[in-house]
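# Structural description and commentary
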Amino acid sequence: MGKFVPCQGKNACRDNELRCLTCGRGQHEIEQLRQLMDQLASLAVEYDYENIDEYSSYVARKLEKMITYRRENLQKG
């Protein structure tokens, strides 16, 4: 299992066209995550959520539960 290393910001990002040399993530992985984050942000803007802190917390909590659930199911076989 790999360890996620968060982006250190666009100014710190260095790549060799395959992966970021700062965080070690592949370009495809970085782009995929950016697209998903953009979708989450667009949803909040579209519905004009004023309590973005609660929205962000909800997404983080649910995501953690989903990952844990899926990993447990994968281990069960």
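Our structure is the block above this text.
What counts, and where the lines are drawn
Residues numbered from 1 in each chain as written. Predicted model: local features only at pLDDT ≥ 70, side-chain atom pairs only at ≥ 80, totals over all residues. Heavy atoms only, no water. Helix = DSSP H or I, 4+ residues; strand = E, 2+ residues; numbered from the N terminus. Rg over C-alpha atoms; globule rule 2.2 N^0.38 Å. Buried < 20%, exposed > 50% of the residue type's maximum accessible area, 1.4 Å probe, protein only. Areas by Shrake-Rupley, 256 points an atom, 1.4 Å probe, with all protein chains shown as cover. Lys, Arg positive; Asp, Glu negative; His and termini not counted. Charge placed at Lys NZ, Arg CZ, Asp CG, Glu CD. 1 Å grid on protein atoms, 1.4 Å probe; cavity = no way out; pocket = protein on both sides within 12 Å on 5 of 7 lines; lining within 4 Å. Points joined across faces, edges and corners; volume = space filled by probe spheres on them. Nonpolar A, V, L, I, M, F, W, Y, C, P; charged D, E, K, R; others polar. Expected span 1.5 Å × (residues − 1). Salt bridge = Lys/Arg side-chain N within 4 Å of Asp/Glu carboxyl O. Contact = heavy atoms within 4.5 Å.

To continue, consider the overall build of the protein chain. Regarding its fold elements, the protein chain presents 2 helices and 0 strands. Relative to the 2.2 N^0.38 estimate, which gives 11 Å for 77 residues, the radius of gyration of the protein chain is 16 Å and therefore markedly larger than a compact globule would have. By principal-axis analysis of the C-alpha atoms, the protein chain measures approximately 40 × 40 × 15 Å. Counting every position in the protein chain, which comprises 77 residues, the buried fraction comes to 9%. Summed over its atoms, the accessible surface of the protein chain is roughly 7,100 Å², and 52% of this surface lies on carbon and sulfur atoms. Charged side chains of the protein chain number 12 positive and 12 negative; the gap between the two group centres comes to 10 Å.

This part is about unusual backbone geometry. One non-glycine residue, Asp48, lies in positive phi territory at about 55°. Mapped onto the elements, Asp48 comes out in the loop between α1 (27–46) and α2 (52–76). A residue is classified by how much of its surface remains accessible, and Asp48, at 63% relative accessible area, is exposed.

In this approach the atoms are scanned with a rolling probe the size of a water molecule, which exposes any empty space left behind. Here the largest pocket is characterised by a volume of approximately 270 Å³. In terms of lining residues, the largest pocket is bounded by Leu33, Leu36, Met37, Leu40, Tyr58, Val59, Lys62, Leu63 and Met66. At the level of elements, α1 and α2 are the ones that each hand at least two residues to the lining of the largest pocket. Element by element, the count of residues in the lining of the largest pocket is highest for α2, at 5 residues. By residue class, the composition of the lining of the largest pocket is 8 nonpolar, no polar and 1 charged.

For α1, spanning 20 residues, the distance from its first C-alpha to its last is 28 Å, which sits close to the expected 28 Å at 1.5 Å a residue. In the stretch just after α1, Asp48 is the one whose phi turns positive, near 55°.

Before going further, it helps to spend a moment on the side chain of Arg25. Note that Arg25 resides in the segment before α1. For the buried Arg25, no salt bridge exists, and the shortest N-O distance to an oppositely charged side chain is 4.6 Å, to Glu29. Apart from the residues within four sequence positions on either side, Arg25 is in contact with Phe4, Val5, Pro6, Cys7, Arg19, Cys20, Ile30 and Leu33.

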